[in-house]
Amino acid sequence: QVQLVESGGGLVQAGGSLRLSCTVSGRTFSNYAMGWFRQAPGKEREFVAAITWSGRTTGYQDSVKGRFTISRDNAKNTVYLQMNSLKPEDTALYYCAADVRQYGYSATHDDYDYWGPGTQVTVSS
């Protein structure tokens, strides 16, 4: 049984920063590509960022490039999302997800095998 648990969400003013964490248990973390997605009320879930199992390759949605950084620590079974220069439009429920693949990463939520319950990020103007 694979479990993902996010933490680090909260309320922050525009321009501020938050760091989300996602800890994985149940299987070998280093076998997974990891992704962050978000869903705002009334909107579809959207890709935010992803990282390959090795951590050598990352990808981002255009709207977060230069502001968000995804990283991972395989020794701690944890993936991070550092979010800087936050904007009100970043307000959403943020999910981490794990994808059992050997190469690359996906920006498509259907490709991910396991999901956390989400952590709320609210950015006030």
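Refer to the structure above for everything that follows.
Because the structure is a prediction, the values reported are computed rather than measured.

Engineer: Just to check I follow, could you spell out the state of the cysteines for this structure?
Structural biologist: What we call a disulfide is simply a covalent bond connecting the sulfur atoms of a pair of cysteines. Scanning all chains against the criterion turns up 1 disulfide. Bridging cysteine 22 to cysteine 96, the disulfide has an S-S length of 1.9 Å. Here cysteine 22 and cysteine 96 share a disulfide; its torsion about the S-S bond, 40 degrees, makes the bridge right-handed. Placement of the pair is cysteine 22 in strand E3 (residues 18–25) and cysteine 96 in strand E9 (residues 92–100), with a sequence separation of 74 residues. Taking relative accessible area as the criterion, cysteine 96 reaches 0% and is therefore assigned buried.

Engineer: How should I be thinking about the pattern of salt bridges in this particular structure?
Structural biologist: Opposite charge on two side chains permits them to pair, given that their charged atoms come into close proximity. Tallied over the entire structure, the rule returns 6 salt bridges. One salt bridge connects aspartate 90 with arginine 38, and the closest N-O pair in it is separated by 3.0 Å. Placement of aspartate 90 in the loop between strand E8 (78–83) and E9 and of arginine 38 in strand E4 (residues 32–39) is noted, with a sequence separation of 52 residues between them. Comparing aspartate 90 with arginine 38 shows no difference in burial state: the two are buried. The residue arginine 101 makes a salt bridge to aspartate 111 at a minimum N-O spacing of 3.9 Å. Of this pair, arginine 101 sits in the loop between E9 and strand E10 (114–115) while aspartate 111 sits in the loop between E9 and E10, and the two are 10 residues apart along the sequence.

Engineer: Please clarify how unusual backbone geometry should be interpreted in this entry.
Structural biologist: Comment: phi is negative for the bulk of residues other than glycine, and the bulk of peptide bonds are trans. Positive phi is not limited to glycine here, since asparagine 77 has a value of about 55 degrees. You can see asparagine 77 is positioned in the loop between strand E7 (68–73) and E8.

Engineer: Could you clarify how one ought to interpret the sheet that holds E7 in this entry?
Structural biologist: If you trace the 4 strands from one edge of the open sheet to the other, you get E1-E3-E8-E7, paired in antiparallel fashion. Looking at strand neighbours, the two that pair on one side only are strand E1 (3–7) and E7, the edges of this open sheet. The sheet shows a mean angle of 15 degrees between the axes of neighbouring strands, direction not considered. Bridge count between E1 and E3: 5 bridges; the pairing is antiparallel. Bridge pairing in E3 links glutamate 6 to cysteine 22.

Engineer: What should I look at first to understand the nonpolar core in this one?
Structural biologist: Counting 29 residues, the largest nonpolar core has Met34, Trp36, Leu81, Met83 and Tyr94 as its most contacted members. Elements with a contribution of two residues or more to this core: E3, E4, strand E5 (46–51), E7, E8, E9 and strand E11 (119–124). If sequence neighbours within four positions are ignored, methionine 83 has contacts with Gly16, Ser17, Leu18, Leu20, Arg67, Phe68, Tyr94 and Val121. Within the second largest apolar cluster, 5 residues are counted, among which are Phe37, Phe47, Ala97 and Tyr112.

Engineer: I keep staring at the pairing of E5 and nothing clicks. Help me out?
Structural biologist: Most of E5 sits out of view: 5 of its 6 residues are buried. As paired strands, E4 and E5 are joined by 5 bridges and run antiparallel to one another. Along E5, the bridge assignment pairs arginine 38 with glutamate 46. From the end of E4 to the start of E5, which pair antiparallel, there are 6 residues, and glycine 42 there has a positive phi angle of about 80 degrees. Here 3 bridges tie E5 to strand E6 (residues 58–60), and the two strands are oriented antiparallel to one another.

Calculation notes
Residues numbered from 1 in each chain as written. Predicted model: local features only at pLDDT ≥ 70, side-chain atom pairs only at ≥ 80, totals over all residues. Heavy atoms only, no water. Disulfide = S-S within 2.5 Å. Helix = DSSP H or I, 4+ residues; strand = E, 2+ residues; numbered from the N terminus. Buried < 20%, exposed > 50% of the residue type's maximum accessible area, 1.4 Å probe, protein only. Salt bridge = Lys/Arg side-chain N within 4 Å of Asp/Glu carboxyl O. Pairing = 2+ DSSP bridges. Axes fitted to C-alpha atoms, helices over the stretch in contact; angles between N-to-C directions. Core = buried A, V, L, I, M, F, W, Y, C linked by side-chain atoms within 4.5 Å. Contact = heavy atoms within 4.5 Å.

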